[in-house]
Every structure is written in C-alpha cells, then in structure tokens.
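# Inside the fold
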Amino acid sequence: VLEAGAAARTTDLVYINDDTTSSGGALVIDYNGTDDAININLTAASAANVFQVAYPAAATGNVFDIAMDGADIAAGVFTVTNGAARAWTDAMFDITTGAVAFTDNIFDVNIDGVGLAGGDGLAFDVTEAYVANLIDIDISALSTGNAFDYAASAGSPSGDVLNIALANTSAAAQALVVNSGAR
C-alpha cells in the first residue's frame, strides 16, 4: 500500500529508472485473482493523462501488445462504457497523424481462419435518436485515393457490397443521395 498523504507532491510516487539493456520486463504482474489486476480510480477532476507514453527514439515495439491466446473467447480487448450517461466533449478515440507521410494503415484489421462466424467486422447498434452523422468523411485537401474502396480479390464472395434495408417507418429517408456540386 502506497499512501502519499495530503501534501502536494513535486515528484513521482513510484519511479522506475532502468537504463540497462536487460531482457526482462521493468514491471511484470502474474495474476490469477478475481478482481482487477490494476484498478485506477480518479477521485477528483484532473487535466492530466491517466497513461502517458513517450517514444524518444525510433522504437520498433508496440505501445500496447495484447495477446488473446488460450480459452479467453468471452473476454473483450477494449470496453468503453459511459455508465454515468454523461455527454462528453472530446472524442472517445482521437487519432492525429501529424503532417508526415506514413506508409502503413491507421487501422489494420486482418481476419484470418474462420473469420466472421457470427459477428460483424464493424457494428453500430444505435438505440437513441441522433442528429449527427454516424460515419462522416470530410476531405479538405487534394486527394487522389478513394474515400471508400472495395475489392474482392480472392474467392467468390456471395454477399452484397452495399445492402440498404429501410424500414417502412422511414418514409422521409432516402437510400442514396448524390450531390456532386458545380463543376
């Protein structure tokens, strides 16, 4: 148990400085309990990050590397729950690439083996009315790539590229609207 007390700290509560080239981890937790292995509860408003990771050099390892091996088929990798039903003013996932040319994907999903045997690759289940776009692509620079690109390069897919099913209660909705503007 670490108890910092009520005084304002000016340094880290726990600090690990490992300048060696050791092959072991700086912090290893082997855990077989029924509660959280690490539990962080913020008890006051904070402007600081809960986790801050800085790469000062050209590292080749992952920031987070999660191996879902074994019999953990009922476990999720990331779960975000807005349990207090609060309206947030920042994105839940915010990715800024910066003004650099990158050669790999921002999101890279590879489905191998049996693949999607009952679940979707990306699913939105919307149970409340909303006024914003569910997916919004805003291109404000000269671009030569496609905003949406589909290629069936192997096998013989039998599903549709785009399947739109409007309920009979959506009389004001249109299946496809194309507005190319003045040319």
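Reference entry: report on the structure contained in this document. It should be emphasised that the depicted structure is a prediction, and the values quoted were computed from it without experimental measurement.

What the protein chain contains, in helices and strands, is zero helices and zero strands. Across its three principal axes, the protein chain shows a C-alpha extent of roughly 60 × 40 × 40 Å. Out of the 183 residues in the protein chain, the part that is buried amounts to 0%. Within the structure as shown, the protein chain displays about 18,500 Å² of accessible surface, and the carbon and sulfur contribution to it stands at 52%.

Judged by side-chain polarity, Leu2, Leu13, Val14, Ile16, Leu27, Ile29, Tyr31, Ile38, Ile40, Leu42, Val50 and Phe51 come together as a nonpolar surface patch covering roughly 1,300 Å² of accessible area. Taking the relative accessible area as the measure of exposure, Ile29 reaches 44% and is therefore partly exposed.

Rules used throughout
- Residues numbered from 1 in each chain as written.
- Predicted model: local features only at pLDDT ≥ 70, side-chain atom pairs only at ≥ 80, totals over all residues.
- Heavy atoms only, no water.
- Helix = DSSP H or I, 4+ residues; strand = E, 2+ residues; numbered from the N terminus.
- Buried < 20%, exposed > 50% of the residue type's maximum accessible area, 1.4 Å probe, protein only.
- Areas by Shrake-Rupley, 256 points an atom, 1.4 Å probe, with all protein chains shown as cover.
- Patch = residues over 30% accessible without salt bridge, like charges linked within 9 Å, V, L, I, M, F, W, Y side chains within 5 Å.
- Salt bridge = Lys/Arg side-chain N within 4 Å of Asp/Glu carboxyl O.

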